[in-house]
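# Analysis of the macromolecular model
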Amino acid sequence: MLVQALESVFANAATPQKIVLVVLLAAVPATLAAAVLALRSEAQDNIWRRIVADLRIAGPALGLLVGGLNSFHMGRTIQRLPFDPTLKQLAPGIFEVSTLVSLGALAGLVAVAAHAALGLAALRARAA
């Protein structure tokens, strides 16, 4: 059911939103891959650790920014309509906004967890 819902959001989204949805979806496995690469690296300050650290902020910020702009555009469009839209007509837009914000939050939470794991691994390496 979740996959069908995401497919529906993606199918109805405009191209810029589709790009952001793909980036946010890709950020989750990319964060995990970067964390694994950071753990395998000998250096404490490497690009993979920086990527994981940056995604803690970038994921949620991107989801919120695009979701907010989407809400703004939807509100402006509703104001211009010569009729009052029904909830069924508004639901796809609301669903798109919530998907963008939720995927951004998911990407950020995965990055926070990966960053914490990297920090614990660094502490263990120092103690050993």
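Note: the structure precedes this text.
Now for a quick tour of the structure. These numbers come from a predicted model, not from an experiment.

### Focus: the packing of helix H2 (residues 15-40) against helix H3 (residues 47-80)
Where H2 contacts H3, the axes come no closer than 10 Å and their chain directions differ by 165 degrees. Classified by the interaxial angle, the pair formed by H2 and H3 is roughly antiparallel. Crossing of H2 against H3: the hand is left-handed. For the pair H2 and H3, contact is made by Gln17, Val20, Val23, Leu24, Ala27, Thr31, Ala34, Ala35, Leu37 and Ala38 and by Trp48, Arg49, Ile51, Val52, Leu55, Gly59, Leu62, Gly63, Val66 and Asn70, respectively.

### Description of H2
The terminal C-alpha atoms of H2 lie 37 Å apart, and with 26 residues this matches the ideal 38 Å at 1.5 Å per residue to within 8%. The sharpest bend along H2 reaches about 35 degrees and sits at Ala27, with the proline Pro29 one to four residues further on. Taken together, the buried residues of H2 touch helix H1 (2-12), H3 and helix H4 (87-127).

### Focus: H3
Counted at 1.5 Å a residue, the expected span for H3 with its 34 residues is 50 Å, and the 47 Å between its end C-alpha atoms agrees. A bend of about 40 degrees at Leu55 is the largest found in H3. Listed as buried for H3 are Arg49, Val52, Ala53, Leu55, Gly59, Gly63, Val66, Gly67 and Asn70. By the N-cap criterion, in which a side-chain oxygen at the helix start approaches the backbone nitrogen of a residue two or three places on, H3 is capped by Asn46, the distance to Trp48 being 3.0 Å.

Reading guide: rules and limits
Residues numbered from 1 in each chain as written. Predicted model: local features only at pLDDT ≥ 70, side-chain atom pairs only at ≥ 80, totals over all residues. Heavy atoms only, no water. Axes fitted to C-alpha atoms, helices over the stretch in contact; angles between N-to-C directions. Helix = DSSP H or I, 4+ residues; strand = E, 2+ residues; numbered from the N terminus. Parallel < 35°, antiparallel > 145°, perpendicular 65-115°, else oblique. Left-handed = near helix turned anticlockwise from the far one by under 90°. Contact = heavy atoms within 4.5 Å. Expected span 1.5 Å × (residues − 1). Bend = angle between axes of the 7 residues up to and from the residue. Buried < 20%, exposed > 50% of the residue type's maximum accessible area, 1.4 Å probe, protein only. Polar contact = N/O pair within 3.5 Å; in protein donor to acceptor, adjacent residues only side chain to side chain.

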